[in-house]
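Spelled out from the first residue to the last, the chains are:
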Amino acid sequence: MRKQENQGPLDVIIVGAGLAGLYMLHRLGGLGFTAKILEAGAGVGGTWYWNRYPGARCDVDNMFYSYSFDEALDEEWNWTERYPSQPELLKYINHVADRFDLWPDIQLNTRVVSAIFDAGRAAWRIGTETAESFSARYAVMATGCLSAANVPDFDGLDGFQGRVFHTGHWPAEEIDFTGRRVGVVGTGSTGVQVIQEVAKQADHLTVFQRTASYVVEAFNRPLDAEDRTYFKANRHELREAAKKTFGGFSTMANDQSALSVTEEDCRRKLEEAWRAGGITLLASFNDFAFSEEANMRAQDFVRDKIRQAVRDPETAEKLLPRHTIGCKRLCLGTNYYETYNRDNVTLVPLGDEGIERITATGLIAGGAAFDLDDLVLATGFDAMTGALNKINIEGRAGLTLRKAWEAGPRTYLGLMSHGFPNLFMVTGPGSPSVLSNMLPTIEHHVDWIADCLDHLRRNEFSEIEADLPAQDRWVEHVNETAAKTLRYSCSSWYLGANVPGKPRVFMPYIGGMPSYRETCTAVVDNGYEGFVLK
Ligand code: NA7
């Protein structure tokens with residue numbers, strides 16, 4: 001295909017029209033920069049555009065999972081449930097694009113495949129799947145942390161005669177499972193959500209579970225006018241208080257060791273937290289992430305909940321997770337365990353050999369054949385680095401990001417990577433990102449980048465790059481901080497362990513949002529310390 005050069009150079013190309021890309025475009029427009037978003041999907045929304053499987057829902061309290069930058073936006077929006085559903089989030093994101101008149105600078109159906117730095121012009125050339133080419137001084141990768149689907153290399157998958165869906169690439173049209181024998185592979189946050197819904201429709205659902213998850217009750221509920229009025233009246237204080245918490249969530253942590261109280265008192269507190277719903281459980285004491293003994297108390301508590309919920313003791317036993325709680329992302333469910341009390345649901349724990357192969361009519365696991373009409377892969381993502389590494393990103397002297405990150409991602413503050421001047425990442429590896437509430441975290445990064453670009457322009461700089469020693473120190477700090485926690489003790493996607501061959505590096509920064517924000521501010525106050533400005 002012939003290469004087309006599109007329009008003149010822009011100040012900034014943004015890749016991705018999710019929550020990060022849209023706010024970035026809005027901020028840059030306000031500063032008078034010329035900017036454009038290139039988006040692979042046929043609509044805006046990113047994660048919330050693609051993950052439209054039945055039951056898809058955010059696990060963060062609704063109002064706190066919304067932009068804070070515009071009071072009028074808050075005033076006119078009506079959040080409807082405690083945890084926002086995917087359709088509600090997509091509606092909100094489209095409303096934002098309308099309200100702030102972002103559409104003229106968004107090009108949909110445009111998958112970026114390359115980004116090459118031209119050192120002579122200190123600019124990026126961005127290439128697309130359809131051989132379009134764009135040039136901009138700066139590139140902002142707003143490509144999402146969980147956007148590259150992990151489709152396991154199952155033997156025989158291509159020959160399966162039924163329908164195959166990956167939850168992260170769900171079709172736009174409604175999928176009807178009525179009367180069908182459905183197999184779901186994967187029991188992480190996504191699997192848990194999709195299983196609960198498909199079970200209600202399918203003739204029979206077989207769940208193939210590699211690792212049992214800890215699923216806490218969400219206690220989702222409709223929000224009423226009073227909830228909304230209260231939030232709107234106190235929005236500023238509530239959001240500021242959330243920002244001071246470790247992850248930017250609305251839940252206030254109890255700063256007390258689980259071992260400082262009797263087992264009975266610990267259980268009482270855990271029960272209280274369980275009833276408050278969602279991730280509150282992990283915030284009920286301060287040492288679940290650091291002390292195995294403390295962690296065991298929370299593990300035992302949830303295992304007992306599972307035994308109470310599941311009628312068949314053998315099935316309950318198979319559903320009991322054995323790893324450190326909170327090591328993998330805690331899953332939120334609504335009667336998830338009770339789903340296994342249904343006559344049309346079977347749980348199949350996978351042995352070491354996993355799924356042996358897919359056949360034309362189903363799959364083989366544990367030596368047994370399962371006949372299936374549909375296969376739903378809730379097998380997660382090549383998280384944090386997957387979407388970036390799918391693009392051929394070439395920095396100075398032909399250095400590719402894939403090569404530079406061969407042994408794991410290396411960034412300064414999760415914002416930039418040495419060797420790739422003028423290329424920013426929103427919530428990149430090395431920043432709190434997926435360990436925090438993504439909305440305030442995205443806003444923080446976008447504001448930091450926007451202010452930085454403004455600073456460069458005002459001071460007539462044309463290039464910014466992460467300094468190598470500063471980056472090395474930061475990477476070391478990120479690793480050291482993670483190593484002090486129990487997060488290293490299980491095969492999570494935070495560690496890249498879910499993707500065969502991916503280097504085992506703890507990718508997000510686990511030092512907490514407040515200290516991370518302080519670091520980012522101090523870097524700016526010290527004249528962009530650790531960055532080289534030219
Ligand atoms: P996750 O949390 O990575 O879960 C993926 C699930 O798929 C998990 O149960 C995996 O088992 C399972 N899996 C992955 N590969 C295989 C193979 N090859 N065979 C069998 N089972 C497999 O992804 P989600 O989409 O659920 O959630 C991602 C994040 O989105 C979540 O943490 C929230 O932040 C929102 P494993 O546990 O690896 O043994």
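Every chain is numbered on its own, with residues counted from 1 as its sequence reads. Given that this is a predicted model, residues contribute local features only at a pLDDT of at least 70 and side-chain atom pairs are listed and counted only at 80 or more, while totals for whole chains, interfaces and linings are drawn from all residues. Only heavy atoms go into the side-chain values, all of them from the structure, while hydrogens and water stay out.

### Some remarks on the overall build of the protein
- Assigned secondary structure in the protein consists of 14 helices and 21 strands.
- A globule of 534 residues ought to have a C-alpha radius of gyration of about 24 Å, and the protein, at 23 Å, matches this closely.
- Once the C-alpha set of the protein is aligned to its principal axes, its extents read approximately 70 × 55 × 45 Å.
- Using a 1.4 Å probe on the protein chains alone, a residue whose accessible area is under 20% of its type maximum counts as buried, one over 50% counts as exposed, and one in between counts as partly exposed. By residue count, 57% of the 534 residues in the protein fall in the buried class.
- When checking whether two residues touch, look at their non-hydrogen atoms; a contact exists if any pair is within 4.5 Å. Restricting to contacts in the protein with at least 6 residues of sequence separation, those with at least 24 account for 71%.
- Taking the average place of the 54 positive charges on the side chains of the protein and the average place of its 71 negative ones, the gap between the two points comes to 2 Å. Per the convention used, a helix needs a DSSP run of H or I reaching at least four residues, while a strand needs a run of E reaching at least two, with both numbered from the N terminus. With C-alpha atoms as the basis for the radius of gyration, the globule rule is written as 2.2 Å multiplied by the number of residues raised to the power 0.38. Residues counted as positive are Lys and Arg, residues counted as negative are Asp and Glu, and His and the chain ends are not counted. One atom stands in for each charge, and that atom is NZ of Lys, CZ of Arg, CG of Asp or CD of Glu.

### Observations concerning the site of the ligand
- The criterion for a residue being near a molecule or strand is simple. One of its heavy atoms has to lie within 4 Å of it. Around the ligand there are 19 residues in total, and T187, T190, R210, T211 and K328 lie nearest to it.
- Within the backbone of T187, an N or O atom sits 2.9 Å from an oxygen atom of the ligand.
- Whenever two N or O atoms come within 3.5 Å, that pair is a polar contact, provided that in protein one can donate a hydrogen and the other can accept it, and provided that, for residues adjacent in sequence, both atoms are side-chain atoms. With respect to the ligand, the side chain of T211 contributes an N or O atom lying 2.4 Å from an oxygen atom.
- Computed by Shrake-Rupley with a 1.4 Å probe, the accessible areas treat only the displayed protein chains as cover when residues are assessed. Burial of the ligand by the protein chains amounts to 87% of its free accessible area of 780 Å².

### Some remarks on the state of the cysteines
- By disulfide we mean two sulfur atoms from cysteines, separated by a distance within 2.5 Å. All chains considered together, the criterion is met by one disulfide.
- Between the sulfur of C327 and that of C490 lies a disulfide, 2.1 Å long from S to S. On the sign convention where negative is left-handed, the bridge of C327 and C490, at about -105° about the S-S bond, is left-handed. Of this pair, C327 sits in the loop between α9 (313-319) and β12 (331-333) while C490 is found in the loop between α13 (468-483) and α14 (513-525), placing the two residues 163 residues apart along the sequence.
- C145 takes part in no disulfide bond, and the closest cysteine sulfur, belonging to C58, lies 13 Å away.
- No disulfide involves C266; its sulfur sits 19 Å from the nearest other cysteine sulfur, which is in C327.

### Notes on the pairing of strand β2 (residues 10-15)
- Counting buried positions over the six residues of β2 gives five, a clear majority of the element.
- Pairing analysis gives five bridges linking β2 to strand β7 (residues 132-141), with the strands arranged parallel. Note on β7: the bridge partner recorded for I13 is A139.
- A pair of strands is treated as paired once DSSP finds two or more bridges between them. Across four bridges, the pairing between β2 and strand β3 (residues 35-38) is parallel. Within β3, the residue paired with V12 across the bridge is A35.
- For the crossover that starts at β2, traverses helix α1 (residues 19-30) and ends in the parallel β3, the hand is right-handed. For crossovers, right-handed means that the path from the first strand over the helix to the second runs clockwise, given strands pointing away from the viewer.

### Concerning the side chain of R235
- Here R235 is to be found in helix α6 (residues 225-243).
- A relative accessible area of 10% places R235 in the buried class.
- A polar side-chain atom of R235 sits 3.4 Å from the main-chain carbonyl oxygen of S68.
- Leave out the neighbours within four places in its chain, and R235 touches S68, D70, E71 and D74.

### Observations regarding the nonpolar core
- Residues I14, F424, W448 and F531 are the most contacted members of the largest nonpolar core, which totals 78 residues.
- In terms of residue count, the dominant contributor to this core is helix α12 (residues 438-458) (10 residues).
- Setting aside residues no more than four positions away along its own chain, F531 makes contact with Y412, L413, M416, W448, I464, E465, A466, D467 and V523.
- Residues belong to one nonpolar core when they are buried, are Ala, Val, Leu, Ile, Met, Phe, Trp, Tyr or Cys, and are joined through side-chain atoms within 4.5 Å. In this structure, F165, L281, A316 and L347 belong to the second largest nonpolar core, which totals 51 residues.

### Notes on the sheet that holds strand β8 (residues 163-166)
- Spatially, five strands are ordered β8-β17-β9-β10-β13 in an open sheet, and the strand pairing comes out parallel. Taken across any chain shown, the strands that pair with only one partner, and hence form the sheet edges, are β8 and β13 (345-349). On average, each strand axis in the sheet is tilted by 20° relative to the strand beside it, whichever way the strands run. Every axis in this analysis is a line fitted to C-alpha atoms, fitted for helices over the stretch in contact. Angles between the N-to-C directions lie between 0 and 180 degrees.

### A short note on the pattern of salt bridges
- For this document, the term salt bridge refers to a Lys or Arg side-chain nitrogen within 4 Å of an Asp or Glu carboxyl oxygen. A complete count under the given rule lists 33 salt bridges for this structure.
- The salt bridge partner of D374 is R180, with a shortest N-O separation of 2.6 Å. Separated by 194 residues along the polypeptide, D374 in strand β17 (residues 374-377) and R180 in the loop between β8 and β9 (181-185) bring together distant segments of the chain.
- What makes R180 partly exposed here is its relative accessible area of 25%.
- Between R396 and E465 there is a salt bridge; the shortest N-O distance is 2.3 Å. Of this pair, R396 sits in the loop between β18 (392-394) and α11 (401-404) while E465 is found in strand β20 (residues 464-466), placing the two residues 69 residues apart along the sequence.
- Salt bridges sharing partners connect three or more residues here, namely E71, D74, R235 and R239.

### Describing the sheet that holds strand β14 (residues 355-359)
- Read across the sheet, three strands follow the order β14-β15-β16 without closing on themselves; strand pairing throughout is antiparallel. Strands with a single pairing partner mark the edges of an open sheet, and in this sheet they are β14 and β16 (368-371). In this sheet, adjacent strand axes meet at a mean angle of 20° when their direction is disregarded.
- Where strand β15 (residues 362-365) meets β16, four bridges bridge the pair, whose relative direction is antiparallel. Bridge pairing in β16 places L363 opposite F370.

### Overview of the domain arrangement of the protein
- For each domain, the first and last residues come from an automatic or database assignment. Structurally, the protein comprises domain 1 (10-148 + 383-533), domain 2 (151-213 + 347-380) and domain 3 (245-327).
- Measuring from the centre of the C-alpha atoms in domain 2 to the corresponding centre in domain 3 gives 29 Å.
- For any pair of parts, buried area is found by adding up, for both, the accessible area (1.4 Å probe) each one loses once the two are put together. Overall, the association of domain 2 and domain 3 removes approximately 450 Å² of surface from exposure, summing both partners, and the carbon and sulfur fraction of that is 68%.
- Contact with domain 3 buries area across many residues of domain 2, yet A212, S213 and L347 alone supply 69% of it, more than any other trio.
- Linking domain 2 with domain 3 are one residue pair in polar contact (both at pLDDT 80 or more), by the criterion used here.

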